[in-house]
Amino acid sequence: QQSDVTLRTLKEVSEDGDFRVEAENKRLNVKVKIGPLGEYKFDSTSSDNEKSSLAGAALTPIYQALTGSVIQVTITPRGEVKEVKGLKELVGDNLLKDNPFGAQAAAVATDEGALASYADRFVNLPEEAIEPGDTWEHPYELKLPGLGTAKGKSVFKFEGRDKVGDRETVRISLRDEMSFEIDLNQMGAKVTGQLSITSSSGTIQFDPQAGALVSKTSTQTMSGNLNVNA
């Protein structure tokens with residue numbers, strides 16, 4: 001489980017209409033169960049985050065580096081996140097050197113991982129005007145260092161006009177199709193194989209007047225075969 005408070009500031013609108021945004025992390029909370037290592041927690045407001053355990057020694061310095069971080073995000077007017085820059089410099093090779101467990105967990109703390117994370121916070125709107133019942137697709141391919149490659153597409157459907165409280169919204173359904181080629185080394189084990197989404201559903205509430213995502217919920221089930229050499 002992860003939660004964060006992020007301040008986004010519009011810095012520039014490019015000639016082709018893209019928004020260049022500066023995103024500053026104000027607070028970060030992480031809670032994760034790591035198999036036999038047990039539970040690990042991080043709170044950016046705490047001065048005594050765990051450092052003595054295997055998980056703490058590997059992860060706490062990385063999350064500390066992300067606390068207060070400022071990165072640059074480029075977003076198209078249709079809500080597609082084109083580029084995320086700055087995380088590689090923040091995490092750096094020093095925090096990942098001789099730290100295979102940290103490098104594995106920090107795959108989301110790379111520019112590639114951040115692009116996937118930020119893409120979840122926006123809606124890829126279609127190029128043409130649409131009516132209720134219309135569908136559109138957004139293909140993607142994402143290489144996550146230390147994890148593997150994800151390739152697939154998101155399928156959207158405009159369900160109709162709706163409301164969230166007093167806020168006028170449009171409701172969009174979401175379905176993902178994806179295969180994930182796993183290629184990772186962790187704690188002496190080499191893991192390869194492929195996972196695929198077997199079922200997927202989601203609902204997006206979007207405020208067209210503000211051009212903002214109000215809420216997004218989604219559920220996915222994945223299955224496949226993994227090969228482990230230890």
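Draft legend 1. Layout of the overall build of the protein. A tally of helices and strands in the protein yields four helices and 10 strands. Reading the protein from its N end, one meets helices and strands in the order β-β-β-α-β-β-α-α-α-β-β-β-β-β. Over its C-alpha atoms the protein spans a radius of gyration of 19 Å, differing by no more than 12% from the 17 Å that the globule rule assigns to 230 residues. For the protein, the proportion of its 230 residues judged to be buried stands at 35%. Considering only intrachain contacts with a sequence separation of at least 6, the fraction spanning at least 24 residues in the protein is 52%. Carbon and sulfur atoms make up 47% of the accessible area of the protein, which amounts to about 13,500 Å² in all. If you average the places of the 26 positive and of the 34 negative side-chain charges in the protein, the two averages end up 3 Å apart.

Draft legend 2. Structural view of the pattern of salt bridges. For the coordinates displayed, the defined rule picks out 15 salt bridges. Measuring nitrogen to oxygen at the nearest pair gives 2.6 Å for the salt bridge that ties D207 to R167. Here R167 lies in strand β8 (residues 167–186) and D207 lies in strand β9 (residues 189–207), a separation of 40 residues in the sequence. You can call D207 buried: its relative accessible area is 7%. The network of salt bridges with shared partners includes E137, K153, R175 and E177.

Draft legend 3. Quick peek at helix α1 (residues 54–66). Helix length check: α1 (13 residues) gives 19 Å between terminal C-alpha atoms against 18 Å at 1.5 Å per residue, within 8%. Along α1, the sharpest change in direction is near 30° and occurs at T60; proline P61 comes one to four residues later. Of all the residues in α1, the buried ones are A55, G56, A58, L59, T60, I62, Y63 and L66. Remark: G68 follows α1 within two positions and exhibits a positive phi of approximately 80°.

Draft legend 4. Highlighting the pairing of strand β3 (residues 39–43). Burial along β3 is one-sided: Y40 and F42 are buried, and none of E39, K41 and D43, which face the opposite way, are. In terms of strand pairing, strand β2 (residues 19–33) meets β3 through five bridges, oriented antiparallel. Pairing of V32 across the sheet is with Y40, part of β3. Following β2, the chain reverses through five residues before pairing antiparallel with β3; G35 in that reversal takes a positive phi of roughly 45°.

The rules behind the values
- Residues numbered from 1 in each chain as written.
- Predicted model: local features only at pLDDT ≥ 70, side-chain atom pairs only at ≥ 80, totals over all residues.
- Heavy atoms only, no water.
- Helix = DSSP H or I, 4+ residues; strand = E, 2+ residues; numbered from the N terminus.
- Rg over C-alpha atoms; globule rule 2.2 N^0.38 Å.
- Buried < 20%, exposed > 50% of the residue type's maximum accessible area, 1.4 Å probe, protein only.
- Contact = heavy atoms within 4.5 Å.
- Areas by Shrake-Rupley, 256 points an atom, 1.4 Å probe, with all protein chains shown as cover.
- Lys, Arg positive; Asp, Glu negative; His and termini not counted.
- Charge placed at Lys NZ, Arg CZ, Asp CG, Glu CD.
- Salt bridge = Lys/Arg side-chain N within 4 Å of Asp/Glu carboxyl O.
- Expected span 1.5 Å × (residues − 1).
- Bend = angle between axes of the 7 residues up to and from the residue.
- Pairing = 2+ DSSP bridges.

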